[in-house]
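Each chain, letter by letter, is given below.
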Amino acid sequence: MKILLVGHSIIDHFEETGDEISHPGGIFYSMLGINSVAKTGDEIFLLTGWNQNNFYLFKELYSRANLIYSNKLMEMPEVLLKTSGEGEREEIYKNLSTQLSNIQVDNWNQFDGILINMITGLDISIEQLQIIRKNFSGKIYFDVHTLSRGVDINNRREFRQIPKVEEWLTNIDILQCNENELNTIFADKMESEIAKEIIGLGVEIVVITKGNKGACLYFNLNGKIETYIVHAEKVDAVNKIGCGDIFGAVFFYSYISTRDVNESLQRANIAGAAASSIKNITSQTMIKLNA
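This structure is a prediction, so every number in the text was calculated from the model and none was measured. (Residues numbered from 1 in each chain as written. Predicted model: local features only at pLDDT ≥ 70, side-chain atom pairs only at ≥ 80, totals over all residues. Heavy atoms only, no water.)

Engineer: Would you explain the environment of Glu 263 in this entry?
Structural biologist: Within the secondary structure, Glu 263 is located in helix 8 (residues 261-276). Taking the C-alpha atoms as reference, Glu 263 lies 8.7 Å from Phe 251; in sequence the two are twelve residues apart. Ignoring anything within four residues of it in the chain, the contact list for Glu 263 reads Ser 254 and Thr 258. (Helix = DSSP H or I, 4+ residues; strand = E, 2+ residues; numbered from the N terminus. Contact = heavy atoms within 4.5 Å.)

So this is what it looks like as C-alpha coordinates:
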(Lines give C-alpha, C1' and ligand atoms only; values in the text may rest on other atoms or scores of the structure.)
Protein backbone atom coordinates (compact mmCIF):
# COMPACT_ATOMS: atom_id res chain seq x y z
CA MET A 1 0.00 0.00 0.00
CA LYS A 2 0.92 3.64 -0.42
CA ILE A 3 -0.08 5.94 2.45
CA LEU A 4 0.44 9.70 2.72
CA LEU A 5 0.87 11.31 6.15
CA VAL A 6 0.29 15.07 6.34
CA GLY A 7 1.18 17.26 9.31
CA HIS A 8 3.85 19.36 10.97
CA SER A 9 6.95 17.87 12.51
CA ILE A 10 7.37 19.46 15.93
CA ILE A 11 10.23 19.81 18.38
CA ASP A 12 8.71 18.91 21.74
CA HIS A 13 10.17 20.41 24.90
CA PHE A 14 9.18 19.21 28.35
CA GLU A 15 10.64 19.21 31.81
CA GLU A 16 12.14 16.05 33.21
CA THR A 17 13.86 15.91 36.62
CA GLY A 18 14.27 19.68 36.55
CA ASP A 19 15.80 19.84 33.07
CA GLU A 20 14.17 20.72 29.77
CA ILE A 21 14.37 17.79 27.35
CA SER A 22 13.85 18.06 23.58
CA HIS A 23 12.33 15.27 21.50
CA PRO A 24 10.94 14.87 17.98
CA GLY A 25 7.15 15.18 17.93
CA GLY A 26 4.09 15.91 15.83
CA ILE A 27 3.67 13.78 12.72
CA PHE A 28 6.75 11.88 13.95
CA TYR A 29 4.40 9.82 16.13
CA SER A 30 2.00 9.08 13.26
CA MET A 31 4.99 7.88 11.24
CA LEU A 32 6.13 5.76 14.18
CA GLY A 33 2.68 4.16 14.44
CA ILE A 34 2.48 3.40 10.73
CA ASN A 35 6.04 2.07 10.72
CA SER A 36 5.14 -0.34 13.52
CA VAL A 37 2.39 -2.03 11.49
CA ALA A 38 3.42 -1.51 7.85
CA LYS A 39 4.16 -4.60 5.81
CA THR A 40 7.00 -5.31 3.41
CA GLY A 41 6.26 -3.53 0.14
CA ASP A 42 4.28 -0.69 1.69
CA GLU A 43 5.48 2.83 0.92
CA ILE A 44 4.87 5.66 3.39
CA PHE A 45 5.02 9.23 2.09
CA LEU A 46 5.47 12.20 4.41
CA LEU A 47 4.18 15.68 3.62
CA THR A 48 5.79 17.71 6.38
CA GLY A 49 8.27 20.52 7.00
CA TRP A 50 11.83 20.19 8.19
CA ASN A 51 14.85 22.32 9.03
CA GLN A 52 18.44 21.24 8.51
CA ASN A 53 19.51 22.38 11.99
CA ASN A 54 16.96 20.14 13.72
CA PHE A 55 16.48 17.31 11.25
CA TYR A 56 18.87 15.09 13.22
CA LEU A 57 16.01 14.52 15.68
CA PHE A 58 13.83 13.00 12.94
CA LYS A 59 16.35 11.62 10.45
CA GLU A 60 16.48 8.01 11.61
CA LEU A 61 12.71 7.44 11.45
CA TYR A 62 12.09 9.64 8.42
CA SER A 63 14.72 7.75 6.44
CA ARG A 64 12.10 5.00 6.23
CA ALA A 65 9.62 7.32 4.47
CA ASN A 66 9.47 8.94 1.05
CA LEU A 67 10.02 12.68 1.62
CA ILE A 68 9.44 13.80 -1.97
CA TYR A 69 6.47 15.96 -0.89
CA SER A 70 8.12 17.42 2.22
CA ASN A 71 9.66 20.89 2.21
CA LYS A 72 12.30 22.90 4.03
CA LEU A 73 11.24 25.49 6.63
CA MET A 74 13.22 28.43 7.97
CA GLU A 75 12.29 27.34 11.49
CA MET A 76 10.37 24.32 12.72
CA PRO A 77 7.50 24.74 15.17
CA GLU A 78 8.43 24.06 18.79
CA VAL A 79 6.16 23.48 21.76
CA LEU A 80 6.61 23.38 25.52
CA LEU A 81 4.39 20.61 26.85
CA LYS A 82 3.28 20.53 30.46
CA THR A 83 1.46 17.41 31.62
CA SER A 84 0.10 16.59 35.05
CA GLY A 85 -2.56 14.29 36.48
CA GLU A 86 -5.37 13.14 34.22
CA GLY A 87 -6.21 16.53 32.67
CA GLU A 88 -5.35 17.95 29.26
CA ARG A 89 -1.76 19.00 28.70
CA GLU A 90 -0.78 22.64 28.43
CA GLU A 91 0.77 23.71 25.12
CA ILE A 92 2.88 26.84 24.62
CA TYR A 93 4.25 27.26 21.10
CA LYS A 94 7.35 28.87 19.65
CA ASN A 95 7.99 29.43 15.93
CA LEU A 96 4.34 28.67 15.23
CA SER A 97 4.41 28.32 11.46
CA THR A 98 1.73 28.68 8.83
CA GLN A 99 0.37 25.97 6.53
CA LEU A 100 2.64 23.46 4.85
CA SER A 101 2.86 25.40 1.61
CA ASN A 102 4.19 22.73 -0.72
CA ILE A 103 1.01 20.67 -1.12
CA GLN A 104 1.50 19.80 -4.75
CA VAL A 105 0.85 16.20 -5.75
CA ASP A 106 0.38 15.28 -9.40
CA ASN A 107 -1.67 12.15 -8.73
CA TRP A 108 -3.49 12.03 -5.40
CA ASN A 109 -5.09 8.71 -6.32
CA GLN A 110 -1.73 6.94 -6.20
CA PHE A 111 -2.34 6.67 -2.46
CA ASP A 112 -4.46 4.01 -0.77
CA GLY A 113 -5.18 6.40 2.07
CA ILE A 114 -4.31 9.89 3.35
CA LEU A 115 -3.92 10.66 7.05
CA ILE A 116 -4.02 14.33 7.99
CA ASN A 117 -2.99 15.13 11.55
CA MET A 118 -3.62 18.76 12.53
CA ILE A 119 -0.61 18.87 14.82
CA THR A 120 -0.46 22.66 15.10
CA GLY A 121 -3.94 23.33 13.72
CA LEU A 122 -2.21 25.34 10.98
CA ASP A 123 -0.91 22.35 9.03
CA ILE A 124 -3.26 22.82 6.07
CA SER A 125 -6.12 25.19 5.24
CA ILE A 126 -9.71 24.36 4.39
CA GLU A 127 -8.94 25.32 0.80
CA GLN A 128 -6.05 22.86 0.67
CA LEU A 129 -8.21 20.12 2.15
CA GLN A 130 -10.87 20.82 -0.47
CA ILE A 131 -8.27 20.41 -3.23
CA ILE A 132 -7.20 17.06 -1.77
CA ARG A 133 -10.80 15.89 -1.48
CA LYS A 134 -11.62 16.97 -5.03
CA ASN A 135 -8.71 15.00 -6.44
CA PHE A 136 -8.67 11.96 -4.15
CA SER A 137 -11.28 9.19 -4.16
CA GLY A 138 -9.83 7.16 -1.28
CA LYS A 139 -10.26 7.51 2.47
CA ILE A 140 -9.14 10.68 4.26
CA TYR A 141 -8.41 10.29 7.98
CA PHE A 142 -8.48 13.55 9.92
CA ASP A 143 -7.17 13.97 13.48
CA VAL A 144 -8.60 17.21 14.92
CA HIS A 145 -5.67 17.59 17.36
CA THR A 146 -4.72 21.28 17.83
CA LEU A 147 -7.27 22.59 15.32
CA SER A 148 -9.44 22.56 18.45
CA ARG A 149 -7.25 25.18 20.14
CA GLY A 150 -6.91 28.86 19.41
CA VAL A 151 -3.73 30.91 19.91
CA ASP A 152 -3.44 33.74 22.44
CA ILE A 153 -0.89 36.56 22.39
CA ASN A 154 1.61 34.38 24.29
CA ASN A 155 1.24 31.47 21.83
CA ARG A 156 -0.59 29.51 24.50
CA ARG A 157 -3.19 27.13 23.05
CA GLU A 158 -6.66 27.08 24.61
CA PHE A 159 -9.77 25.19 23.54
CA ARG A 160 -12.31 27.07 21.42
CA GLN A 161 -15.10 26.27 18.95
CA ILE A 162 -13.52 25.32 15.64
CA PRO A 163 -14.23 28.02 13.02
CA LYS A 164 -16.01 26.82 9.85
CA VAL A 165 -16.07 23.32 11.27
CA GLU A 166 -18.64 22.07 8.76
CA GLU A 167 -16.30 22.92 5.88
CA TRP A 168 -13.64 20.71 7.44
CA LEU A 169 -16.03 17.85 8.13
CA THR A 170 -17.61 17.69 4.69
CA ASN A 171 -14.23 16.92 3.13
CA ILE A 172 -13.13 13.93 5.23
CA ASP A 173 -14.14 10.30 5.77
CA ILE A 174 -12.86 9.44 9.26
CA LEU A 175 -12.60 11.86 12.18
CA GLN A 176 -10.48 11.34 15.29
CA CYS A 177 -10.70 13.46 18.42
CA ASN A 178 -10.63 13.14 22.19
CA GLU A 179 -13.53 14.07 24.46
CA ASN A 180 -12.50 17.71 24.92
CA GLU A 181 -11.83 18.15 21.20
CA LEU A 182 -15.25 16.69 20.42
CA ASN A 183 -16.86 19.55 22.31
CA THR A 184 -15.03 22.09 20.16
CA ILE A 185 -16.89 20.71 17.14
CA PHE A 186 -20.47 21.05 18.36
CA ALA A 187 -20.84 22.27 21.94
CA ASP A 188 -23.49 21.67 24.61
CA LYS A 189 -24.64 18.32 23.26
CA MET A 190 -24.29 14.71 24.29
CA GLU A 191 -21.51 12.68 22.70
CA SER A 192 -23.90 10.56 20.66
CA GLU A 193 -25.72 13.66 19.38
CA ILE A 194 -22.46 15.28 18.27
CA ALA A 195 -21.38 12.08 16.54
CA LYS A 196 -24.73 11.84 14.78
CA GLU A 197 -24.46 15.43 13.57
CA ILE A 198 -20.91 14.84 12.30
CA ILE A 199 -21.99 11.71 10.44
CA GLY A 200 -24.92 13.65 9.02
CA LEU A 201 -22.37 15.87 7.25
CA GLY A 202 -20.92 12.88 5.39
CA VAL A 203 -18.24 11.62 7.77
CA GLU A 204 -18.32 7.81 7.79
CA ILE A 205 -16.58 7.09 11.11
CA VAL A 206 -16.10 9.16 14.27
CA VAL A 207 -13.35 7.85 16.57
CA ILE A 208 -13.19 9.22 20.12
CA THR A 209 -10.20 8.48 22.35
CA LYS A 210 -10.82 8.58 26.11
CA GLY A 211 -7.49 7.99 27.80
CA ASN A 212 -7.83 5.58 30.72
CA LYS A 213 -11.48 4.99 29.77
CA GLY A 214 -10.57 3.43 26.43
CA ALA A 215 -12.11 4.57 23.14
CA CYS A 216 -15.26 4.33 21.09
CA LEU A 217 -16.40 4.93 17.56
CA TYR A 218 -19.63 5.75 15.76
CA PHE A 219 -20.18 4.76 12.16
CA ASN A 220 -22.88 4.73 9.54
CA LEU A 221 -24.01 1.21 8.66
CA ASN A 222 -26.68 1.20 5.97
CA GLY A 223 -28.21 4.40 7.27
CA LYS A 224 -28.10 3.36 10.94
CA ILE A 225 -25.52 4.70 13.38
CA GLU A 226 -23.69 1.88 15.18
CA THR A 227 -21.28 2.14 18.11
CA TYR A 228 -18.26 0.13 19.20
CA ILE A 229 -16.60 0.59 22.59
CA VAL A 230 -13.28 -0.72 23.89
CA HIS A 231 -12.07 -0.48 27.46
CA ALA A 232 -8.58 0.73 28.24
CA GLU A 233 -5.84 -1.88 28.32
CA LYS A 234 -4.36 -2.56 31.75
CA VAL A 235 -0.88 -1.09 31.54
CA ASP A 236 1.41 0.99 33.71
CA ALA A 237 0.86 4.34 31.97
CA VAL A 238 3.98 6.51 32.22
CA ASN A 239 3.63 8.58 29.02
CA LYS A 240 0.98 10.89 27.56
CA ILE A 241 2.82 12.20 24.50
CA GLY A 242 2.10 10.77 21.04
CA CYS A 243 -0.29 8.03 22.20
CA GLY A 244 -3.28 9.41 20.28
CA ASP A 245 -1.18 9.90 17.14
CA ILE A 246 0.02 6.30 17.27
CA PHE A 247 -3.55 5.13 17.99
CA GLY A 248 -4.82 6.95 14.90
CA ALA A 249 -2.10 5.70 12.57
CA VAL A 250 -2.67 2.09 13.61
CA PHE A 251 -6.45 2.44 13.29
CA PHE A 252 -6.19 3.93 9.81
CA TYR A 253 -3.71 1.38 8.53
CA SER A 254 -5.82 -1.46 9.89
CA TYR A 255 -9.04 -0.02 8.52
CA ILE A 256 -7.87 0.57 4.95
CA SER A 257 -6.35 -2.93 5.04
CA THR A 258 -9.41 -4.76 6.38
CA ARG A 259 -12.42 -2.38 6.34
CA ASP A 260 -13.21 -3.88 9.76
CA VAL A 261 -13.99 -1.05 12.19
CA ASN A 262 -14.16 -3.30 15.27
CA GLU A 263 -10.82 -5.01 14.66
CA SER A 264 -9.21 -1.69 13.77
CA LEU A 265 -10.45 -0.10 17.00
CA GLN A 266 -9.14 -3.04 19.04
CA ARG A 267 -5.70 -2.84 17.42
CA ALA A 268 -5.52 0.94 17.82
CA ASN A 269 -6.52 0.69 21.47
CA ILE A 270 -3.71 -1.80 22.15
CA ALA A 271 -1.23 0.41 20.28
CA GLY A 272 -2.22 3.54 22.20
CA ALA A 273 -1.92 1.70 25.50
CA ALA A 274 1.45 0.27 24.51
CA ALA A 275 2.68 3.78 23.69
CA SER A 276 1.48 5.06 27.06
CA SER A 277 3.58 2.40 28.82
CA ILE A 278 6.84 3.51 27.15
CA LYS A 279 8.68 6.23 29.06
CA ASN A 280 10.96 7.40 26.24
CA ILE A 281 9.63 6.80 22.74
CA THR A 282 12.37 6.95 20.11
CA SER A 283 12.82 6.26 16.41
CA GLN A 284 13.63 2.66 17.33
CA THR A 285 10.38 2.09 19.22
CA MET A 286 8.14 -0.58 17.77
CA ILE A 287 4.57 -0.65 19.05
CA LYS A 288 3.61 -4.23 19.84
CA LEU A 289 0.02 -5.22 19.08
CA ASN A 290 0.06 -8.58 20.82
CA ALA A 291 -0.26 -7.10 24.30
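Engineer: Mind showing me how you'd approach the nonpolar core here?
Structural biologist: Note that soluble globular proteins tend to have their nonpolar side chains buried in a common cluster. Among the nonpolar cores identified, the biggest contains 53 residues, and Leu 5, Tyr 62, Ile 205, Val 207, Ile 246 and Phe 251 are the most heavily contacted of them. The element that contributes the greatest number of residues to this core is helix 7 (residues 243-258), accounting for ten residues. With residues up to four places along the chain from it excluded, the contact list for Leu 5 reads Ile 27, Ser 30, Met 31, Ile 34, Ile 44, Phe 45, Leu 46, Leu 47 and Leu 115. Ranked by size, the runner-up nonpolar core spans 41 residues in total, among them Leu 47, Ile 103, Ile 116 and Val 203. (Core = buried A, V, L, I, M, F, W, Y, C linked by side-chain atoms within 4.5 Å. Buried < 20%, exposed > 50% of the residue type's maximum accessible area, 1.4 Å probe, protein only.)

Engineer: What am I meant to see in the pattern of salt bridges here?
Structural biologist: Pairs can form between side chains of opposite charge whenever their charged atoms are close. This model, assessed by the stated rule, comprises six salt bridges. Here Arg 133 and Asp 173 are joined by a salt bridge, their closest N and O atoms 2.8 Å apart. Of this pair, Arg 133 sits in helix 3 (residues 126-135) while Asp 173 sits in the loop between helix 4 (165-169) and strand 13 (174-178), and the two are 40 residues apart along the sequence. (Salt bridge = Lys/Arg side-chain N within 4 Å of Asp/Glu carboxyl O.)

Engineer: Even after reading the chapter, I still don't get the environment of Asn 262, so can you show me in this structure?
Structural biologist: Relative to the assigned elements, Asn 262 resides in helix 8. In this structure the C-alpha to C-alpha distance between Asn 262 and Cys 216, which are 46 residues apart in sequence, comes to 9.7 Å.

Engineer: Got a minute to help me understand the packing of helix 1 (residues 27-37) against helix 7 in this structure?
Structural biologist: Two packed helices can be described by the angle between their axes and the distance between those axes. One way to put it is that helix 1 packs onto helix 7 with a least axis distance of 7 Å and a crossing angle of 45 degrees. Our classification of the angle between helix 1 and helix 7 gives oblique. Regarding helix 1 and helix 7, the two cross each other, and that crossing is right-handed. Of helix 7, the residues touching helix 1 (which contributes Tyr 29, Ser 30, Leu 32, Gly 33, Ile 34 and Val 37) are Asp 245, Ile 246, Ala 249, Val 250 and Tyr 253. Class assignment for the residues of the contact of helix 1 with helix 7 results in eight nonpolar, two polar and one charged. (Axes fitted to C-alpha atoms, helices over the stretch in contact; angles between N-to-C directions. Parallel < 35°, antiparallel > 145°, perpendicular 65-115°, else oblique. Left-handed = near helix turned anticlockwise from the far one by under 90°. Nonpolar A, V, L, I, M, F, W, Y, C, P; charged D, E, K, R; others polar.)

Engineer: Can you help me understand helix 6 (residues 191-200) in this one?
Structural biologist: One turn of an α-helix holds 3.6 residues; hence residues three or four places apart share an orientation. Those residues of helix 6 that sit buried are Glu 191, Ile 194, Ala 195, Ile 198 and Ile 199. Looking straight down helix 6, one finds its buried side chains confined to an arc of 135 degrees; they lie on one side. The outward face of helix 6, more than 90 degrees from its buried face, is lined by the exposed residues Lys 196 and Gly 200. Residues of helix 6 that are buried in the fold lie against helix 4, strand 13, helix 5 (179-182), strand 14 (205-209), strand 15 (215-221) and strand 16 (224-230). Positive backbone phi, at 110 degrees, marks Gly 202, one or two positions downstream of helix 6. (Arc of directions from axis to C-beta.)

Engineer: Teacher, can you tell me more about the sheet that holds strand 10 (residues 139-143) here?
Structural biologist: One key point about sheets: their strands pair by backbone hydrogen bonds, in either a parallel or an antiparallel sense. With mixed pairing, eight strands are arranged side by side in an open sheet as 4-1-9-10-13-14-15-16. Only two strands of the sheet have a single partner each, and these edge strands are strand 4 (43-47) and strand 16. Strand-to-strand, the axes of this sheet are offset by a mean angle of 15 degrees, without reference to chain direction. (Pairing = 2+ DSSP bridges.)

Engineer: When you look at the packing of helix 7 against helix 8 in this model, what are you seeing that I'm missing?
Structural biologist: Orientation of helix 7 relative to helix 8, taken along the N-to-C sense of each, is 155 degrees, at an axis distance of 8 Å. Comparing their axes, helix 8 and helix 7 come out roughly antiparallel. The hand of the helix 7/helix 8 crossing is right-handed. Here Cys 243, Ile 246, Phe 247, Val 250, Phe 251, Ser 254, Tyr 255 and Thr 258 of helix 7 come into contact with helix 8, specifically with Val 261, Glu 263, Ser 264, Leu 265, Arg 267, Ala 268, Asn 269, Ala 271, Gly 272, Ala 275 and Ser 276. Across the contact of helix 7 with helix 8, the residue classes tally to eleven nonpolar, six polar and two charged.

Engineer: Help me out: how do you make sense of the state of the cysteines in this one?
Structural biologist: What is meant by a disulfide is a covalent connection between two cysteines, made through their sulfur atoms. One pass over the full model with this rule turns up zero disulfides. Counting only cysteine sulfurs, Cys 216 is the nearest neighbor of Cys 177, a cysteine outside any disulfide, at a range of 8.8 Å. As a non-bridged cysteine, Cys 243 has Cys 177 as the owner of its nearest cysteine sulfur, 17 Å distant. (Disulfide = S-S within 2.5 Å.)

Engineer: I keep staring at the packing of aromatic side chains and nothing clicks. Help me out?
Structural biologist: Aromatic rings in a pair are described by how distant their centres are and how their planes are angled relative to each other. If you walk through the whole model with that rule in mind, you get 14 aromatic pairs. Relative to Phe 58, the ring of Phe 28 lies with its centre 6.1 Å away and its plane at 75 degrees, an arrangement referred to as edge-to-face. Pair noted here: Phe 28 is in helix 1 and Phe 58 is in the loop between strand 5 (49-50) and helix 2 (59-62), with a separation of 30 residues, a long-range link. Among the residues examined, Phe 28 registers a relative accessible area of 0% and is labelled buried. Aromatic side chains Trp 50 and Phe 55 sit 5.3 Å apart centroid to centroid with 55 degrees between the ring planes, which places their arrangement in the tilted category. With relative accessibility at 21%, the residue Trp 50 sits in the partly exposed group. A network of ring pairs unites the aromatic residues Phe 28, Tyr 29, Trp 50, Phe 55, Phe 58 and Tyr 62 as a single cluster. Here Arg 149 stacks its cationic end above the ring of Phe 159, 4.3 Å away from the centre of that ring. Here the basic side chain of Arg 157 rests over the ring of Tyr 93, its NZ or CZ set 5.2 Å away from the ring centre. (Phe/Tyr/Trp six-rings, centres within 6.5 Å; stacked < 30°, edge-to-face > 60°. Lys NZ or Arg CZ within 6 Å of the ring centre and 35° of its normal.)

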